[in-house]
Amino acid sequence: MPTLQTTSRGFEALCEYLRAYTESDRFTSLASETQALEEDLAEIRYSVHIRGDRVRVGEYGGEADYSAEVEKTFAKFRQGTVKDYRVRFSDPPDMDHVEARILDLVARLHPEVFDALDVYHERHRDYLDGVIGAFDREVQFYLAYLEYIKRFEGAGLTFCYPQVSDESKEVRAEEAFDLALADKLVLEGSTVVCNDFYLKDPERIFVVTGPNQGGKTTFARMFGQLHYLASLGLPVPARRARLFLPDRIFTHFEREEDLGTLRGKLEDELVRIHDILKQTTSDSILVVNEIFTSTTLEDALVLGAAVMKRIAALDVPCVYVTFVDELASFGESTVSMVGTVVPDNPTLRTYKVVRKPADGLAYAAALAEKYGLTYNALRKRVAR
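As a starting point, this report considers the structure included with it. (Residues numbered from 1 in each chain as written. Predicted model: local features only at pLDDT ≥ 70, side-chain atom pairs only at ≥ 80, totals over all residues. Heavy atoms only, no water.)

A word on a negative patch on the surface
Negative charge collects at one region of the surface, where Glu 38, Glu 39, Asp 40, Glu 43, Glu 112, Asp 115 and Asp 118 lie side by side. Of all the elements in the fold, those that place two or more residues in the negative patch are α2 (25-42) and α5 (111-123). Looking at the element boundaries, Asp 40 is found in helix α2. Judged by its relative accessible area of 37%, Asp 40 is partly exposed. (Patch = residues over 30% accessible without salt bridge, like charges linked within 9 Å, V, L, I, M, F, W, Y side chains within 5 Å. Areas by Shrake-Rupley, 256 points an atom, 1.4 Å probe, with all protein chains shown as cover. Salt bridge = Lys/Arg side-chain N within 4 Å of Asp/Glu carboxyl O. Lys, Arg positive; Asp, Glu negative; His and termini not counted. Charge placed at Lys NZ, Arg CZ, Asp CG, Glu CD. Helix = DSSP H or I, 4+ residues; strand = E, 2+ residues; numbered from the N terminus. Buried < 20%, exposed > 50% of the residue type's maximum accessible area, 1.4 Å probe, protein only.)

Structure (structure tokens):
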């Protein structure tokens, strides 16, 4: 059997653990007992007598194997390859009630072997080593993920193993994309737009502004995905990446009102962001998407500034998506990112999010005109 040569520290540590485990008394005693019990079970012989709907199990007395006798009798009628009319019976992994009853009767014929089997079962009930069991489960997940990302590589999208650090918060990624959206677009045969980003000291917070449906939420989700996948040790959806290893990742996305809490949308958002900021440390990652949209611009600016002040004090890497452009120049820790449109046609989104000052353009008028929702267009439709 060929020997697999490993180079990673993880696999080398696992191989060393397996060597020590297989040489331990726990494993060697389990192996020897298993072999001895298998040999004892293999020596058991018994006969089954079937008469009508009654089945009788007895000691094997050297009776002939009737299946071999039947095949021998009908062998002379064989005339070459013919159609097989035999019916295949299912062979489930579990015994049916008849097989279980036969086994009970066999156990009564050979009590000493089956008593030893009961003792073996009780003694080794928790035989599975915790480390090996965890590796068996987790390696299946990693292999499934590697198989999963092949569909994206076939569409020209790239993955990489990122550089990671639990100290430096200078993060960057090139040609990164949102895995969830890409999964949908690749199946549809549509183009996946990639984005770049970077933070360098003392920058910590991306403030993302721009027109609706321009890729702002997708950018925020992508930022969180990259850090989460990197923390699992997985290839991330980007050509190159340098990422921070957080203690936890916190997200605040819009959700429907919960009538059971008797709280309005604004109050619910305040409670949620308060709870998040209480748990966030300087080693966390924070993603905040379109908060305080249910209030006035003036109130949203005041509340947003208070939240931004707290985030800046925590020194936490963050993406903050907002419609309040003033927050994009909050301080030296903030970086303005803007969703862009096609210059000659502002109704078309590029889905590119780039570093540049917030321009205050939501292009609402262009969208209203495209869909016939301007004041004059609505008056004409009503007049009809």
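Moving on from the model shown.
Digging into the side chain of Asp 178
In this fold, Asp 178 is placed in the loop between β4 (172-176) and α8 (179-188). In this view, Asp 178 contacts Thr 218, Arg 221, Met 222 and Gln 225; residues no more than four positions away in its chain are not counted. (Contact = heavy atoms within 4.5 Å.)

Topic: the sheet that holds strand β5 (residues 195-198)
Ordered in space as β3-β7-β4-β5, the four strands form an open sheet in which the pairing is mixed. Each end of this open sheet is capped by a strand with a single partner; those strands are β3 (163-165) and β5. Sheet twist, expressed as the average angle between the axes of neighbouring strands with direction ignored, equals 20°. As defined by bridge partners, β4 adjoins strand β7 (residues 240-244) across three bridges and the pair is classed as antiparallel. Residue pairing for β7: Arg 172 is matched across the bridge by Arg 242. The strands touched by helix α9 (residues 216-231) within the sheet are β3, β4, β5 and β7, with β5 carrying the most contacts at an inclination of about 70°. (Pairing = 2+ DSSP bridges. Axes fitted to C-alpha atoms, helices over the stretch in contact; angles between N-to-C directions.)

Notes on the sheet that holds strand β8 (residues 249-252)
The pairing of strands in a sheet comes from backbone hydrogen bonds and takes either a parallel or an antiparallel form. Pairing in this open sheet of six strands is mixed, and the strands run β8-β9-β10-β6-β11-β12 from one edge to the other. The open sheet is flanked by β8 and β12 (345-355), the only strands paired with a single partner. Sheet twist, expressed as the average angle between the axes of neighbouring strands with direction ignored, equals 20°. As judged from the four bridges shared by strand β9 (residues 285-289) and strand β10 (residues 318-321), these two strands associate in the parallel manner. Following the sheet pairing, Val 287 is matched in β10 by Val 319. Running at roughly 160° to β9, α9 makes contact with β6 (205-209), β8, β9, β10, β11 (334-342) and β12 of the sheet. Contacts from helix α10 (residues 265-279) reach β8 and β9, with the element oriented near 170° to β8.

Focus: the pattern of salt bridges
Scanning the model with the defined rule gives 17 salt bridges in all. Here Arg 239 ties to Glu 175 by a salt bridge, and the two come within 3.1 Å at their closest N and O atoms. In this pair, Arg 239 is assigned in the loop between α9 and β7 and Glu 175 in strand β4, connecting sequence segments 64 residues apart. Where Arg 355 meets Glu 203, a salt bridge forms, and the shortest distance between an N and an O atom there is 2.9 Å. Of this pair, Arg 355 sits in strand β12 while Glu 203 is found in the loop between β5 and β6, placing the two residues 152 residues apart along the sequence.

Remarks on a nonpolar patch on the surface
A surface patch of nonpolar side chains, amounting to about 360 Å² of accessible area, comprises Tyr 46, Val 48, Ile 50 and Val 55. For Val 55, the position within the fold is in strand β2 (residues 54-59).

Considering the packing of aromatic side chains
Across all of its chains, the model carries 12 aromatic pairs by this definition. Ring centres 6.4 Å apart and planes at 85° place the aromatic pair Phe 11 and Phe 135 in the edge-to-face group. With Phe 11 in helix α1 (residues 9-22) and Phe 135 in helix α6 (residues 130-148), the pair connects residues that are 124 residues apart, well separated along the chain. On the basis of relative accessible area, Phe 135 is assigned to the partly exposed category, the value being 33%. (Phe/Tyr/Trp six-rings, centres within 6.5 Å; stacked < 30°, edge-to-face > 60°.)

Thoughts on unusual backbone geometry
The linkage connecting Asp 201 with the following residue, Pro 202, adopts the cis geometry, with an omega of 5°. Tracing the sequence through the fold places Pro 202 in the loop between β5 and β6. Even without a glycine there, the phi angle at Glu 175 is positive, about 55°. You can call Glu 175 partly exposed: its relative accessible area is 33%. The phi angle at Tyr 351 is positive, at roughly 65°, despite the residue not being glycine. Note that Tyr 351 resides in strand β12.

Structural notes on the pairing of strand β1 (residues 46-51)
As paired elements, β1 and β2 share six bridges and run antiparallel to each other. Bridging from a neighbouring strand, Val 48 pairs with Val 57 of β2. Following β1, the chain reverses through two residues before pairing antiparallel with β2; Gly 52 in that reversal takes a positive phi of roughly 65°.

What to know about the nonpolar core
Membership of the largest hydrophobic core comes to 40 residues, with the highest contact counts inside it found for Phe 197, Phe 206, Phe 219 and Val 236. For this core, the secondary structure elements donating two or more residues are β4, α8, β6, α9, β7, β9, β10 and β11. When residues in this core are grouped by element, the largest group, seven residues, is from α9. Leaving out residues up to four positions away in the same chain, Phe 197 has contacts with Val 171, Arg 172, Ala 173, Phe 206, Phe 219, Met 222, Phe 223, Leu 226 and Met 337. In terms of nonpolar packing, the next biggest core, distinct from the first, is built from 21 residues, Ile 205, Ile 273, Ile 276 and Met 308 among them. (Core = buried A, V, L, I, M, F, W, Y, C linked by side-chain atoms within 4.5 Å.)

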